[in-house]
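# Analysis of the macromolecular model
Here's the letter readout for the chains.
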Amino acid sequence: MPDDLTRADAATLLAAMEAGETTAVAVAEAHLARIRATDGALGAFLRTLDDTALAHAADVDRRRAAGETVGALAGVPVALKDILCTRGVATTCGSRMLEDYHPPYDATVVERLAAADAVVLGKTNMDEFAMGSSTENSAFGVTRNPFDLDRVPGGSSGGSAAAVGGRHAPLGIGTDTGGSIRQPAAFCGIVGVKPTYGLVSRFGLVAFGSSLDQVGPMARSVADAAALYEAIAGHDPRDATSIPEDPPPARPALDRGVEGLRIGVVSSFLDGEGVEPGVRARCAEAVERLAALGADVVEVALPHADKALPAYYLIAPSEASSNLSRFDGVRYGLRVDGPTTEEMMAATRAEGFGPEVKRRIMIGTYALSAGYFDAYYLQAQKVRTLVQEDFAAAYASCDALVSPATPSTAFGIGEKVDDPLAMYLNDVFAVPSNLAGTPAMSLPVGGDEAGLPVGLQVMAPHLGEPVMFQVAAALEASLGLDLAPDALDDAAEERA
Amino acid sequence: MSLSDEQVRHVARLARIALTDEEVAGLASQLSDILAYAEQVGEVAAGDVVPTSHPYPLANVARADAPGPSLGQDEALANAPAVEDGRFRVPRIVGEEA
Amino acid sequence: MSSAYEAVIGLEVHVELGTRTKMFCGCPTDFGGEPNTKTCAVCTGQPGSLPVPNAAAIEAAISLGLALACEVAPRSQFHRKNYFYPDMPKNYQISQYDVPICADGHLDVAVDGTSRRIGITRVHMEEDTGKSLHVGGTGRIAGADHSLIDYNRAGIPLLEIVSEPDVRGPEEARAYLAELRGIVRALGISDAKLEEGSMRCDANVSVRRRGDEAFGTRVEVKNMNSLRSLQRAVAHEIERQGALLDAGEAVTQETRHWDEDAGRTSTLRAKEEVFDYRYFPDPDLVPVTPERADVERLAAALPELPAQMRARLTGGLGLSDEAAVTLVDAGLVVVLDDAVAAGAEPAAAAKWLANEVLSWCREADVDPAGVPLAGDALAELVDLVARGTLSTKLAREVLVGVLEGEGRPGEVAKARGLEQVSDEGELVTLVDEAIAADPAAAEKVRGGNDKAIGALVGAVMKASRGQANPQRVNELLRERLTS
């Protein structure tokens, strides 16, 4: 148990609290202090909820001391992406449109975190309405990468990734529509998981691409991510796309090892043109390590994978264009007045939405519009079917697939923000799993020449969380990486 | 696909977003680039393929016709930019309903 | 309009379902209450909210489809219909597009005894919008200063029924709507009141030269709030279009508003804006794939529909077509059936229902379907008249008493002292008194002037406050006068 409580992972903190070695209040205070000291430089949080966090922590301590039941994550701090509705607490989605929006209800995930007695420290920064891969599209300022404050943390869940990577919290909640958990996890040297579509309720998740969005855990260890996944997953009658069956448990799979598992390497990804040498090297080494651990490693092809990103950039904006129609200045959020309702709506949306959001709404509106629907939206959904079939074929001969999580490590702030297409390419390896609805996660497998984190993506079929966590855990144990918990301190020092 | 300024304006009308002339020109160029990229989906021969709109196969999810909790009037109006007589107030509406 | 033209009419009807809760959330659907008190995160379109369909609404849709002889789709999907309007909480309406829950049915409609089959294109589910109040000006949108929105109604389940353009005239349009309304009410899925908006009808009207196959330009007509209104509006629109064509002008494709007071339609939308709704399958709602067993259960549970009721009334019970139509439309068949079961002669019971009962309901503003008259009470009344205990005239008074809750017919008759006098002794006394009081009339009758007896009968009836049995009085007078 380290002296600095922010160096401990969730499992360690839980054990220590249960053993009476520390308290939930001490844990919360340590993390809140670190946020006060370093978040000015990092920019992970949009707001911290000190009072409610400490009150909750105190209550957890009281109940534990009294021998009452406490939740599975009792007293563990969590950073919550500001896209999940928290009742009475501002939920902005990184947008001016919702700058003062206070939801009248809690998201199901928020209720589950409360039931698990996780202590929510605050709401984290994100690309506006989850559209982006760098958290540079937030209306409220950038978030920086804890490894190098001049670089992006990735996006759209950049705030949660930076918070976890920067030791502001051992656990974070993000959302992944086209890689938005896995890519920032890879950039910030942490574990990030996108569960099977439908395993985690979307009720209270402000919608971006409804058939793609999933809420998922971010953590500094596979075991912590597994525990958080189990706490938030489960059927929700308020979400009609929620899978009725019990979610497959992840923790029992953690120490099974990979002996005999068939693991497919998506070679077109690993050997892809845009992949940086450092990324390729760490990922290839990780694959060799899996083979050395006893996995049966083969090459697989996903023939339509190169069409996945184009399809995604028709489907996601189409759904988003409809999901974001509700932001019109009538019932909540920003209003820019006008002489007529029509003008008021148009002016409100012009001012409330940032440039990337507008681009995607426009693309989506166009792709759904009369005369273009068949060639764009419909065709993209057909490609989606083909991508699903590619995965099904691959999973017929493999238990899990691996690839780099991203083509590159964290790039510089400002480097790609004016080139939408270059930005989109960040997610080229992540997006196929979103289209297919299959689970995928990123875990750190080392650093590139500059010491920037590299993430390996592990993918599995629908409800394949157990084997996915199994592979990730085995690799993590074998690698024995120190996830550079001093990254932020070093980076901040360098700056100073 | 190259978008003209007029097409951009049409889409902006459909999407209820007011754009300046500058923005229209800028978007025409950016959207054309993005669409050119996205149009690659058209290179796939997919005539008989059934489109996927739901990635996980579920069907017949419904709820019983039983009451659930409603918001009080104050809660429902709490975030409203303008309220009058317990209702959401908007400027005069020009178009008739569809 | 000259008979060179033929009208081609299609009808779009919306029915508000009487489920307890809304289409996609558990908010109540009951009428009234303060604005914005029957809403939740879902039906106000709060960010992050999600719809979950109402199982009872789906069943109502299937039942209506079955009653209209439709095919029930093995796989049906909800779609989003995207457009901006402040009474729409999400600025898209959850509806159905190319895979509606039911399709390809028909409805047989009779006008003046001739039945025609009108095709039903589809029945689909969707959600209602909120209500806007336009402030300043006349209360309509044009000229308003600002508007106020109440979302209590947003999300209430609607069924939309679209007919093929098979309707050929105003009477047929009215008959179609009346029949559809009767079916919806018989199914118990909605109270289907045009005046209150729980049933709404838009008409698509075009006109073409007889013999032409191509359709003329179609005009949509809205704002018809009663059966009569629909008939008048359609008739007017056919005239208007015919006149334009006769003058060599073209009919503009547009939406027009029916003005009941002025008796004409006027342009609602200045230019025909083609709305691009950008329909796509709602990703938040998974397909509806009704189990065969459930469809069969719903089919078996269909109640007797108006057409079947009418057939039974005219066939089995021997009523006239007119009586059958009146009783079925009014919702009085249950009372009739109960009365017949209690022994009433069908035609007699039907006559009472179609006349006195129905007019009482109208005056008392009571829905005939909920009339406070038990079938066996009606049977008792019919029997009292048949036995001569009550004259028809007095029976009417007794009926009112029964309807107003005074009790059973026999009790009411006694309590009000309306029972017919049948005691011979009493009658003889009254007859003798009348003869004695009008010797002139008595002389005339004795002299062979049969008509003069009327005055004497009248006198006896008056003296008995109408409670003497007129037939017996007549007989007694003749006896006494000729003896």
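Residues numbered from 1 in each chain as written. Chains lettered and ligands numbered in written order. Predicted model: local features only at pLDDT ≥ 70, side-chain atom pairs only at ≥ 80, totals over all residues. Heavy atoms only, no water.

Below, the discussion takes up the confidence of the model for chain B. Residue and element names in this part refer to chain B. Scored by pLDDT, chain B has a mean of 94; 97% of the residues are at 70 or more. Per-element confidence in chain B ranges from a low mean pLDDT of 95 for helix α2 (residues 21–38) to a high of 98 for strand β1 (residues 83–84). Note on the complex model: pTM 0.92, ipTM 0.96. (pLDDT = per-residue confidence, 0-100. Helix = DSSP H or I, 4+ residues; strand = E, 2+ residues; numbered from the N terminus.)

On the surface, Asp191, Glu195, Glu196 and Asp367 of chain C cluster together into a patch of negative charge. Structurally, the position occupied by glutamate 196 of chain C is in the loop between α2 (170–187) and β10 (199–209). (Patch = residues over 30% accessible without salt bridge, like charges linked within 9 Å, V, L, I, M, F, W, Y side chains within 5 Å. Areas by Shrake-Rupley, 256 points an atom, 1.4 Å probe, with all protein chains shown as cover. Salt bridge = Lys/Arg side-chain N within 4 Å of Asp/Glu carboxyl O. Lys, Arg positive; Asp, Glu negative; His and termini not counted. Charge placed at Lys NZ, Arg CZ, Asp CG, Glu CD.)

Residue and element names in this part refer to chain A. Looking at the secondary structure, you find glutamate 128 in the loop between β3 (119–124) and α5 (158–165). For glutamate 128, a relative accessible area of 3% translates into the label buried. The sequence separation of glutamate 128 and serine 138 amounts to 10 residues, and the corresponding C-alpha distance is 4.8 Å. With residues up to four places along the chain from it excluded, the contact list for glutamate 128 reads Cys93, Gly94, Ser95, Asn137, Ser138, Gly352, Phe353, Gly354 and Val357. Among the polar contacts listed, one links the side chain of glutamate 128 to the backbone nitrogen of glycine 354, at a separation of 2.9 Å. (Buried < 20%, exposed > 50% of the residue type's maximum accessible area, 1.4 Å probe, protein only. Contact = heavy atoms within 4.5 Å. Polar contact = N/O pair within 3.5 Å; in protein donor to acceptor, adjacent residues only side chain to side chain.)

With that out of the way, let us pick up the interface of chain B and chain C. Facing the 37 residues of chain B at the interface are 59 residues of chain C. Together, the buried faces of chain B and chain C total about 4,000 Å²; carbon and sulfur atoms form 55% of this surface. Summed over the shared surface of chain B and chain C, the result is zero salt bridges. At the junction of chain B and chain C, the tally comes to 22 residue pairs in polar contact (both at pLDDT 80 or more). Among the secondary structure elements, those contributing two or more residues to the side of chain B that touches chain C are α3 (73–77) and β2 (87–91) of chain B. Relative to strand β8 (residues 146–150) of chain C, β2 of chain B runs antiparallel, the two being bridged by four bridges. Its bridge partner lying in β8 of chain C, arginine 89 of chain B is registered against leucine 148 of chain C. (Buried area = accessible area lost by both parts, 1.4 Å probe. Pairing = 2+ DSSP bridges.)

Let us now look at the nonpolar core. Among the nonpolar cores identified, the biggest contains 177 residues, and Leu73, Leu84, Phe129 and Phe469 of chain A are the most heavily contacted of them. Leu64, Leu66, Ala178 and Val251 of chain C belong to the second largest nonpolar core, which has 69 residues in total. (Core = buried A, V, L, I, M, F, W, Y, C linked by side-chain atoms within 4.5 Å.)

Contacts between the two partners involve 52 residues from chain B, matched on the other side by 70 residues from chain A. In this structure, arginine 87 of chain A engages glutamate 75 of chain B in a salt bridge whose closest nitrogen and oxygen atoms are separated by 2.8 Å. On the surface where chain B and chain A come into contact, there are 20 residue pairs in polar contact (both at pLDDT 80 or more). Elements that contribute at least two residues to the side of chain B that touches chain A include exactly α1 (5–14), α2 and β2 of chain B. A per-element tally of the side of chain B that touches chain A places α2 of chain B first, with nine residues.

With that settled, consider the packing of aromatic side chains. Residues and elements named next belong to chain A. Under the definition given, this model contains 23 aromatic pairs over all chains. Centre to centre, the rings of tyrosine 101 and tyrosine 332 are 5.4 Å apart; their planes meet at 50°, and the pair counts as tilted. With tyrosine 101 in the loop between β2 (77–81) and α4 (108–115) and tyrosine 332 in the loop between α10 (308–323) and α11 (341–352), the pair connects residues that are 231 residues apart, well separated along the chain. The pair formed by tyrosine 101 and tyrosine 332 is uniform in burial state, with each residue classed as buried. An aromatic cluster is present here, built from Tyr101, Phe129, Phe327, Tyr332 and Phe353 joined pairwise through their rings. Between the NZ or CZ atom of lysine 416 and the centre of the ring of phenylalanine 411, over which it lies, the distance is 4.6 Å. (Phe/Tyr/Trp six-rings, centres within 6.5 Å; stacked < 30°, edge-to-face > 60°. Lys NZ or Arg CZ within 6 Å of the ring centre and 35° of its normal.)

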